[in-house]
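Read off the chains here:
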Amino acid sequence: MAMILHTVAFKTKHKTGSREEREFLEAGMALANLPMVKNFECYKQTGRKNPFEFGFSMVFDSDQDYDAYNRHPEHVAFVENRWNTEVEDFIELDYTRHEISEI
């Protein structure tokens, strides 16, 4: 199976620079500790071409690892207890490497 680059860009409901914003980001970054998560990164938006403030990205070695992440109790709890109540808007993008010769 192919490696998956999982990315999500988002805007929180919190005031920029607030304690609540920092605590949310720290809670999200804790997902980096899950065994199937590789190369976890947290980004802050610098451009003005979209409304999102932050981004998380991570890599999964396989579809099975990605599925295990989505079912993992820590990920499920983060989504239910933090993401669903603290994120105003988001876009999720998942990529596999694509070679032009495959077209």
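Residues numbered from 1 in each chain as written. Predicted model: local features only at pLDDT ≥ 70, side-chain atom pairs only at ≥ 80, totals over all residues. Heavy atoms only, no water.

Visitor: Would you take a moment to explain helix α1 (residues 19–29) for this structure?
Guide: Each turn of an α-helix holds 3.6 residues, which means side chains three or four residues apart point in the same direction. Every buried residue of α1 is listed here: Glu 21, Phe 24, Leu 25 and Gly 28. Projection of α1 onto a plane perpendicular to its axis shows the buried side chains occupying an angular sector of 95°, all on one side. Where α1 is buried, its residues touch β1 (4–12), β2 (38–44), β3 (54–60), α3 (73–86) and β4 (87–96). (Buried < 20%, exposed > 50% of the residue type's maximum accessible area, 1.4 Å probe, protein only. Helix = DSSP H or I, 4+ residues; strand = E, 2+ residues; numbered from the N terminus. Arc of directions from axis to C-beta. Contact = heavy atoms within 4.5 Å.)

Visitor: Sorry, what's going on with the sheet that holds β4 here?
Guide: Working definition: the strands of a sheet are paired by backbone hydrogen bonds and lie parallel or antiparallel to each other. An order of β2-β3-β1-β4 is seen for the four strands of this open sheet, with the pairing classed as antiparallel. Of all strands in the sheet, those with a lone pairing partner are β2 and β4, marking the two edges. Strand-to-strand, the axes of this sheet are offset by a mean angle of 15°, without reference to chain direction. As defined by bridge partners, β1 adjoins β4 across nine bridges and the pair is classed as antiparallel. Residue pairing across strands places Thr 7 opposite Leu 93, the latter belonging to β4. This element, α1, spans β1, β2, β3 and β4 of the sheet and lies at about 5° to β3. (Pairing = 2+ DSSP bridges. Axes fitted to C-alpha atoms, helices over the stretch in contact; angles between N-to-C directions.)

Visitor: How do you make sense of the nonpolar core when you look at a structure like this?
Guide: Taken as a class, soluble globular proteins show a tendency for nonpolar side chains to be buried jointly. Of all hydrophobic cores here, the largest spans 19 residues; its most connected members are Phe 10, Phe 24, Val 37, Phe 56, Phe 60, Tyr 69 and Trp 83. Breaking this core down by element, the ones donating at least two residues are β1, α1, β3, α2 (63–71) and α3. Considering each element in turn, this core owes the most residues, four residues, to β3. (Core = buried A, V, L, I, M, F, W, Y, C linked by side-chain atoms within 4.5 Å.)

Visitor: What's the story with the pairing of β1 in this structure? I'm lost.
Guide: The two faces of a sheet get side chains in turn, since along a regular strand they alternate between them. Relative to β3, β1 is paired through seven bridges, and the arrangement is antiparallel. Bridge pairing in β3 links Val 8 to Phe 56.

Visitor: So what exactly am I meant to see when it comes to α3 here?
Guide: Compared with the 20 Å implied by 1.5 Å per residue over 14 residues, the 19 Å span of α3 between its first and last C-alpha is a close match. Within α3, the axis deviates most sharply at Val 79, by approximately 40°. Three or more residues of α3 are buried, namely His 75, Phe 78, Trp 83 and Glu 86. As for α3, its buried residues are in contact with β1, α1, β3, α2 and β4. (Expected span 1.5 Å × (residues − 1). Bend = angle between axes of the 7 residues up to and from the residue.)

Visitor: Help me understand a nonpolar patch on the surface, please; the structure alone is not making it clear to me.
Guide: A cluster of nonpolar side chains, namely Leu 5, Ile 91, Leu 93 and Tyr 95, defines an oily patch on the protein surface of about 310 Å² accessible area. For the nonpolar patch, the element with the highest residue contribution is β4, accounting for three residues. One can find Leu 93 in strand β4. (Patch = residues over 30% accessible without salt bridge, like charges linked within 9 Å, V, L, I, M, F, W, Y side chains within 5 Å. Areas by Shrake-Rupley, 256 points an atom, 1.4 Å probe, with all protein chains shown as cover. Salt bridge = Lys/Arg side-chain N within 4 Å of Asp/Glu carboxyl O.)

Visitor: Any chance you could explain the packing of aromatic side chains here in plain terms?
Guide: Aromatic ring pairs are described here by two measures, namely the spacing of the ring centres and the angle between the planes. Tallying each qualifying case throughout the model produces 11 aromatic pairs. Ring plane angle 40° and centroid distance 6.0 Å describe the contact between Phe 24 and Trp 83, whose orientation is recorded as tilted. Placement of the pair is Phe 24 in helix α1 and Trp 83 in helix α3, with a sequence separation of 59 residues. Phe 24 sits in the buried class, given a relative accessible area of 0%. For the ring pair Phe 40 and Phe 56, a centre distance of 5.3 Å and an interplane angle of 45° mean the geometry is tilted. Residue Phe 40 is located in strand β2, and its partner Phe 56 is located in strand β3; the two are separated by 16 residues in the primary sequence. With respect to class, Phe 40 is no different from Phe 56; both count as buried. Among the aromatic residues, those joined into a cluster by ring pairs are Phe 10, Phe 24, Phe 40, Phe 54, Phe 56, Phe 78, Trp 83 and Phe 90. (Phe/Tyr/Trp six-rings, centres within 6.5 Å; stacked < 30°, edge-to-face > 60°.)

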